[in-house]
Amino acid sequence: TKVSFKLNSGHQIPGVGLGTWRSEPGQVGEAVKTAIKAGYRHIDCAAIYGNEAEIGVALQSAFKEGLVKREELFVTSKLWNDQHAAEDVPQALKQTLSDLKLEYLDLYLIHWPLRVRKGDTSDSKLVDETNYEETWRAMERVKEQGLVKSIGVSNLSMKKLGEVLSYAKVPPAVNQIELHPLWRNDKMLAFAKEKGVHLSAYSPLGSGDENRKVLEYPVVKQIAEKLGKSPAQVVLRWGLQRGTSVLPKSTNFDRLRSNLEVTEWSLSEEDMKALSSIEDQGRIVAGTGFVGKKTGPYKTTTELWDGEL
Ligand code: A2P
């Protein structure tokens, strides 16, 4: 039995998806194919990761070999910051579809709530005015055209998500954000639940960060030892039981296979509570590269996240 969640668009999102951020070209294609063989039915991509073409080749070969059918797979991608103009959204999507060799995406997300000048994929040419509503309207149009099944957002604060909900004709199905036991963001979890927006957890294992070692945190390790599971499995299961989908990244065969083995057992309420009471909370991905520049809408990370830090 696989865990999945129903989106407000009516579609189902599988609970565990393969993350592909920082998956090296030359490795990611193999990882995707291996993941599909291991039973993954959800792949999380983005144009900016620079590896969609290689993933596309892997997906094609998985379809050809009959490992999976297109309609059994949930594929996400994300619009990069230099493509926020209304006319650029369908173009960016078409590029992604062509790279991934797909006719539609299951989910398309606006990657960040800010713009950089067109053609600049670095963070250096930030545009002061971010007209998110224009971008959201363009997302609604590509959904209407059937190029994507569901649309959503990423890296939005509650304040920004609330704003989108206020003008959206099609509400965001998903807000994909950083979530793990050292950044629970309980308030966002409650807010999104109330509004019917599903949360997907990126960096659910703590992204390999040196300073905030999620997988080595004492409570996580204790519970893992007690249950005979790996720390990664405990943390992922915790995410699923909170009602979020989780997007662990791995290019290692054993790890990506074990990260999927989180559905045939569960954490007790007591263990859930222990994992949800770590006081040391903070973001790993704070978006520091997007703030404090000469241009751009946000001077500080506090502004970027509307104080939700
Ligand atoms: P690798 O790709 O070599 O497996 P996140 O998903 O939070 O971004 O974390 C990804 C990081 O965690 C990567 O460095 C990945 O390395 C590592 N990782 C993935 N799965 C596991 C696991 N089961 N145990 C330990 N580390 C893992």
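Calculation criteria
Residues numbered from 1 in each chain as written. Predicted model: local features only at pLDDT ≥ 70, side-chain atom pairs only at ≥ 80, totals over all residues. Heavy atoms only, no water. Salt bridge = Lys/Arg side-chain N within 4 Å of Asp/Glu carboxyl O. Helix = DSSP H or I, 4+ residues; strand = E, 2+ residues; numbered from the N terminus. Phe/Tyr/Trp six-rings, centres within 6.5 Å; stacked < 30°, edge-to-face > 60°. Lys NZ or Arg CZ within 6 Å of the ring centre and 35° of its normal. Axes fitted to C-alpha atoms, helices over the stretch in contact; angles between N-to-C directions. Parallel < 35°, antiparallel > 145°, perpendicular 65-115°, else oblique. Left-handed = near helix turned anticlockwise from the far one by under 90°. Contact = heavy atoms within 4.5 Å. Nonpolar A, V, L, I, M, F, W, Y, C, P; charged D, E, K, R; others polar. Near = heavy atom within 4 Å. Polar contact = N/O pair within 3.5 Å; in protein donor to acceptor, adjacent residues only side chain to side chain. Areas by Shrake-Rupley, 256 points an atom, 1.4 Å probe, with all protein chains shown as cover. Buried < 20%, exposed > 50% of the residue type's maximum accessible area, 1.4 Å probe, protein only. Pairing = 2+ DSSP bridges.

Chemist: Can you help me understand the pattern of salt bridges in this one?
Modeler: What the rule picks out here adds up to 17 salt bridges. Residues Arg 212 and Asp 280 are paired through a salt bridge, measuring 3.2 Å at the closest nitrogen-oxygen approach. In this pair, Arg 212 sits in the loop between strand 9 (198-202) and helix 7 (218-227) while Asp 280 sits in the loop between helix 10 (269-275) and helix 11 (301-304), placing the two residues 68 residues apart along the sequence. Note that Asp 271 and Lys 226 form a salt bridge whose closest N and O atoms lie 2.7 Å from each other.

Chemist: I tried to follow the packing of aromatic side chains on my own but got confused; where do I start?
Modeler: For any pair of aromatic rings, the description consists of the separation of the ring centres together with the inter-plane angle of the planes. A full pass over the atoms with the stated rule returns three aromatic pairs. Lying over the aromatic face of Tyr 104, Lys 149 brings its terminal NZ or CZ to 4.5 Å of the ring centre. For the cation-ring pair, Arg 283 lies above Trp 305, with the distance from its terminal atom to the ring centre recorded as 3.6 Å.

Chemist: Teacher, can you tell me more about the packing of helix 5 (residues 158-167) against helix 6 (residues 186-195) here?
Modeler: Helices that pack against each other are described as a pair by the angle of their axes relative to one another and the distance between those axes. The contact between helix 5 and helix 6 brings their axes to 10 Å, and the two run at 10 degrees. Relative to helix 6, helix 5 is oriented roughly parallel. Judged by the twist between their axes, the crossing of helix 5 over helix 6 is right-handed. Between helix 5 and helix 6, the contacting residues are Met 158, Leu 161, Gly 162 and Leu 165 on the first element and Lys 187, Met 188, Phe 191 and Lys 195 on the second. For the contact of helix 5 with helix 6, the class distribution of residues is five nonpolar, one polar and two charged.

Chemist: Is there a simple way to explain the site of the ligand in this structure?
Modeler: Around the ligand sit 14 residues, and of these Leu 205, Ser 207, Lys 249, Ser 250 and Arg 255 come closest. Ser 207 is positioned with one of its backbone polar atoms (N or O) 2.8 Å from an oxygen atom of the ligand. Note that an oxygen atom of the ligand is positioned 3.1 Å from one of the backbone N or O atoms of Thr 251. In isolation the ligand exposes 570 Å². Once the protein is present, 76% of that is buried.

Chemist: How should I be thinking about helix 8 (residues 231-241) in this particular structure?
Modeler: For the α-helix, the turn length of 3.6 residues means that residues three or four positions removed from each other point alike. Of all the eleven residues making up helix 8, nine are buried; the element is thus mostly covered by neighbouring parts of the structure. Those residues of helix 8 that fall on the buried side of the exposure criterion are Ala 232, Gln 233, Val 234, Val 235, Leu 236, Arg 237, Trp 238, Gly 239 and Leu 240. Buried residues belonging to helix 8 abut strand 1 (4-6), helix 7, strand 10 (245-246), helix 9 (253-258) and helix 10. Downstream of helix 8 by one or two residues, Gly 243 has phi in the positive range, about 95 degrees.

Chemist: Where do I start with the side chain of Arg 212 in this structure?
Modeler: Take Arg 212: its relative accessible area is 15%, and that puts it in the buried class. Within polar-contact distance, the side chain of Arg 212 engages the backbone oxygen of Leu 182 at 3.1 Å. Separated by 3.1 Å, the side chain of Arg 212 and the backbone oxygen of Asp 280 make a polar contact. Apart from the residues lying within four places of it in its own chain, the contact partners of Arg 212 are Leu 182, Gly 206, Asp 280, Gln 281, Gly 282 and Ile 284.

Chemist: Just to check I follow, could you spell out the environment of Gln 12 for this structure?
Modeler: Relative to the elements of secondary structure, Gln 12 occurs in strand 2 (residues 12-14). Sequence separation of Gln 12 and Gln 27 is 15 residues, and the distance between their C-alpha atoms is 28 Å. Dropping the residues within four chain positions of it, Gln 12 is found in contact with Ser 4, Phe 5, Lys 6 and Phe 74. Only 2.6 Å separates the side chain of Gln 12 from the side chain of Ser 4, close enough to count as a polar contact.

Chemist: I would appreciate a short explanation of the sheet that holds strand 10 in the present structure.
Modeler: Strand pairing in a sheet relies on backbone hydrogen bonds, with the paired strands running either antiparallel or parallel. Strand order in this open sheet of eight strands is 3-4-5-6-7-8-9-10, and the pairing throughout is parallel. The sheet is open, and its two borders are formed by strand 3 (18-19) and strand 10, each paired with just one other strand. Taken together, the five bridges between strand 8 (residues 174-178) and strand 9 define a ladder with parallel strand orientation. Its bridge partner lying in strand 9, Glu 178 is registered against Tyr 202.

Chemist: Mind showing me how you'd approach the packing of helix 7 against helix 8 here?
Modeler: One way to put it is that helix 7 packs onto helix 8 with a least axis distance of 8 Å and a crossing angle of 100 degrees. Of the possible angle classes, the one that applies to helix 7 and helix 8 is roughly perpendicular. Contact with helix 7, carried on its side by Val 220, Lys 221, Ile 223 and Ala 224, involves Pro 231, Val 234 and Val 235 of helix 8 and no other residues of that element. Looking at the contact of helix 7 with helix 8 residue by residue, the classes come out as six nonpolar, no polar and one charged.

Chemist: Please explain the side chain of His 42 as it appears in this structure.
Modeler: Among the structural elements, His 42 can be located in strand 4 (residues 42-44). Given a relative accessible area of 1%, His 42 falls into the buried group. Of note is the side chain of His 42, whose polar atom sits 2.9 Å from the backbone oxygen of Pro 14. Residues in contact with His 42, not counting those within four places in the same chain, are Ile 13, Pro 14, Val 16, Gly 17, Leu 18, Leu 73, Phe 74, Thr 76 and Leu 247.

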